[in-house]
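Chain by chain, the residues run as shown.
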Amino acid sequence: MTRIPYRRPEDMTERARELTLERGNLNVYRALANAEKVFTGWMQAGRDALTSPTLSRRLRELVVLRTAYLMDSPYELGQHHDIARTAGLDANEISAVTSDSGWQTDHFDPVELAVLQLTTELLTTRGVAASLFDQVHAALGAEATVEVLMLISRYAGLALMLNALDVDLDETARLPSIPQRTAEG
Amino acid sequence: MTRLPLADMDQQPERVRQFIERRGTLNVLRLLANAPNVFGGWAEMVGEIFASPTFSARLREVIILRVGHLQNSPYELAQHVSLARTAGLSEQQIEALVGTGDLDAAGFSSTERTVIDTVTELCTTHRLSDDTFAAAHALFGDEALTELLMVVSCYYGLALVLNAADLEIDAVAVLERKA
């Protein structure tokens, strides 16, 4: 049961309302909108991440699901269990990536495995071995590596907020797909 | 030794360069500027956190130092220890926040102590018990409590990025507090 009241979109600033409605008016946004002085910037950071073409949607959802699992966030898992299906992950892959060790199997290619290993090591130890980091960096390049780290960062931090506020998973509403940008702009 | 190249400022899009010029050419900003597609939104988010009047600079630094310590982030601690001093925290209080001193003996106010306990429980267990939530909520209400969570979230996540990249602490540059 969500521990604070939801903000209504009609009570938000215009920009906050636009950003919230574009993303399906989900419980997460209506709860975090209580922090009205910092909500818009947080939403814009999310929009940049969602619309960046740097990472494939498949790799993004793998990182998000792994993070949600390790941070023990029922809300993130509930949303992204469904979103991941629209990004090309099948049910077996989703259950593998949301298990303790089931992801270390032949479901994933070597780059995906390295990224999942990095995500796991970072969230469980707060650091990453140099050899593993270099492996991901060599495979993805600097830009995509930083985006992967920013994605882990965002969903780890969000999991803390969702858990602290005990935000209820939306009954049926899921984050809609927003078109990716074609270039930096 | 930083594991990624630090972006060259001359190569940055205008809005990235402007943000960095306002804050100082910190290694953290040059690290994140490797990802120009997401740098702008992240910068706007951090800018709002620092511009918000909801928390005093002192209370904000209490939150950030505690998160930096619990996330084992040498970079966050190096930058924010000096901000914490400027914001009025004593050496004894700073040591207590970063785990080398006694929280009970450091002379924190009851509000600061509630914040420290809330942040500690959230970062170490990833949730808040009913009692801890109730104490923080009674103190801050819906808006400020959610904003506190936003600050924790931001620095908890950033520490992961910094630790993964093993970012070197700036030799001289210090975060500037221009509006």
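Residues numbered from 1 in each chain as written. Chains lettered and ligands numbered in written order. Predicted model: local features only at pLDDT ≥ 70, side-chain atom pairs only at ≥ 80, totals over all residues.

### Points about the overall build of chain B
- Counting secondary structure elements, chain B contains 8 helices and 0 strands.
- Along the chain direction, N to C, the helices and strands of chain B fall in the order α-α-α-α-α-α-α-α.
- Compactness check: chain B gives a C-alpha radius of gyration of 17 Å against a globular reference of 16 Å for 179 residues, within 12% of the reference.
- Burial analysis of chain B (179 residues in total) assigns 46% to the buried set.
- Contacts in chain B between residues far apart in sequence, at least 24 positions, make up 67% of those at least 6 positions apart. (Helix = DSSP H or I, 4+ residues; strand = E, 2+ residues; numbered from the N terminus. Rg over C-alpha atoms; globule rule 2.2 N^0.38 Å. Buried ≥ 20, exposed ≤ 12 C-beta atoms within 10 Å, placed from the backbone. Contact = placed C-beta atoms within 7 Å.)

### Description of the environment of His137(A)
- Examined against the element boundaries, His137(A) turns out to sit in helix 8 (residues 130–165).
- Exposure remark for His137(A): the 20 C-beta atoms within 10 Å place this residue in the buried category.
- Placed 22 residues apart in sequence, His137(A) and Val115(A) show a C-alpha to C-alpha distance of 9.6 Å.
- If near-sequence neighbours (up to four positions away) are discounted, His137(A) is found in contact with Ala142(A), Thr145(A), Arg3(B) and Leu4(B).

### Quick notes on the domain arrangement of chain A
All names here are of chain A.
- Along its sequence, chain A is organised into domain 1 (9–51) and domain 2 (57–165).
- With centres defined by C-alpha atoms, the gap from domain 1 to domain 2 works out at 24 Å.
- Contacts between domain 1 and domain 2 engage 5 residues on the former and 7 residues on the latter.
- Broken down by secondary-structure element, the contributors of at least two residues to the side of domain 1 that touches domain 2 are helix 2 (27–32) and helix 3 (39–51).
- Sort the elements by how many residues they give to the side of domain 1 that touches domain 2 and helix 2 lands first, with 3 residues.
- A class-by-class count of the residues in the side of domain 1 that touches domain 2 yields 4 nonpolar, 1 polar and no charged. (Domains from an automatic or database assignment. Nonpolar A, V, L, I, M, F, W, Y, C, P; charged D, E, K, R; others polar.)

### Concerning the interface of chain A and chain B
- Residue-level contacts link 48 residues of chain A with 45 residues of chain B.
- Elements with a contribution of two residues or more to the side of chain A that touches chain B: helix 3 and helix 8 of chain A.
- Per-element accounting of the side of chain A that touches chain B gives the leading share, 22 residues, to helix 8 of chain A.

### With respect to helix 4 (residues 57–70) of chain A
Residue and element names in this part refer to chain A.
- Taking 1.5 Å of rise per residue, the 14 residues of helix 4 would be expected to cover 20 Å, and the 20 Å separating its terminal C-alpha atoms lies within 8% of that figure.
- Regarding helix 4, the residues found buried are Leu59, Arg60, Glu61, Leu62, Val63, Val64, Leu65, Arg66, Thr67, Ala68, Tyr69 and Leu70.
- Positive backbone phi, at 60°, marks Asp72, one or two positions downstream of helix 4. (Expected span 1.5 Å × (residues − 1).)

### Details of the packing of helix 7 (residues 110–125) of chain A against helix 8 of chain A
Residues and elements named next belong to chain A.
- Remark: helix 7 packs on helix 8, axes separated minimally by 10 Å, with the N-to-C direction vectors making an angle of 50°. By the angle class used here, helix 7 and helix 8 are oblique. Crossing geometry of helix 7 relative to helix 8 is assigned as right-handed. Contacts from Val111, Ala114, Val115, Gln117, Leu118, Thr119, Glu121, Leu122 and Leu123 of helix 7 reach helix 8 at Leu132, Phe133, Gln135, Val136, Ala139, Val148, Ile152 and Ala156.
- Tallied by class, residues from the contact of helix 7 with helix 8 come to 13 nonpolar, 3 polar and 1 charged. (Axes fitted to C-alpha atoms, helices over the stretch in contact; angles between N-to-C directions. Parallel < 35°, antiparallel > 145°, perpendicular 65-115°, else oblique. Left-handed = near helix turned anticlockwise from the far one by under 90°.)

### Some thoughts on helix 5 (residues 74–86) of chain A
Residue and element names in this part refer to chain A.
- The end-to-end C-alpha distance of helix 5, which contains 13 residues, comes to 19 Å, matching closely the 18 Å that a straight helix rising 1.5 Å per residue would cover.
- The largest bend along helix 5 measures about 30° and falls at His80.
- Turning to helix 5, its buried residues number three or more, namely Tyr75, Glu76, Leu77, Gln79, His80, Ile83 and Ala84.
- Buried residues along helix 5 sit in contact with helix 2, helix 4, helix 6 (91–97) and helix 8. (Bend = angle between axes of the 7 residues up to and from the residue.)

### Details of unusual backbone geometry
- The backbone of Asp166(A) sits at a positive phi, close to 50°, despite the residue not being glycine.
- Here Asp166(A) is to be found in the segment after helix 8.
- Take Asp166(A): there are 17 C-beta atoms within 10 Å of it, and that puts it in the partly exposed class.
- You will see that His126(B), though not glycine, has its phi angle at about 70°, which is positive.
- On the secondary structure map, His126(B) appears in the loop between helix 7 (110–125) and helix 8 (130–165).

### Observations regarding the packing of helix 4 of chain A against helix 5 of chain A
Residue and element names in this part refer to chain A.
- Running from N to C, helix 4 and helix 5 cross one another at 155°; their axes reach a closest spacing of 9 Å. By the angle between their axes, helix 4 is roughly antiparallel relative to helix 5. Of the two possible hands of crossing, helix 4 and helix 5 adopt the one that is left-handed. Contacts from Glu61, Val64, Leu65, Ala68 and Tyr69 of helix 4 reach helix 5 at Glu76, Leu77, His80, Ile83 and Ala84.
- When its residues are assigned to classes, the contact of helix 4 with helix 5 shows 7 nonpolar, 1 polar and 2 charged.

### A short note on the confidence of the model for chain B
- The predicted model of chain B has a mean per-residue pLDDT of 94, with 96% of residues at 70 or higher.
- Scored as a whole, the predicted complex attains pTM 0.96, and scored at its interfaces, ipTM 0.97. (pLDDT = per-residue confidence, 0-100.)

### Quick look at the environment of Ala114(A)
Residue and element names in this part refer to chain A.
- In this structure, Ala114 sits in helix 7.
- The class of Ala114 is buried, set by 20 C-beta atoms lying within 10 Å.
- Distance from Ala114 to Val136, taken between C-alpha atoms, is 6.1 Å for residues 22 residues apart in sequence.
- In contact with Ala114, other than residues within four places in its own chain, are Leu132, Gln135, Val136 and Ala139.

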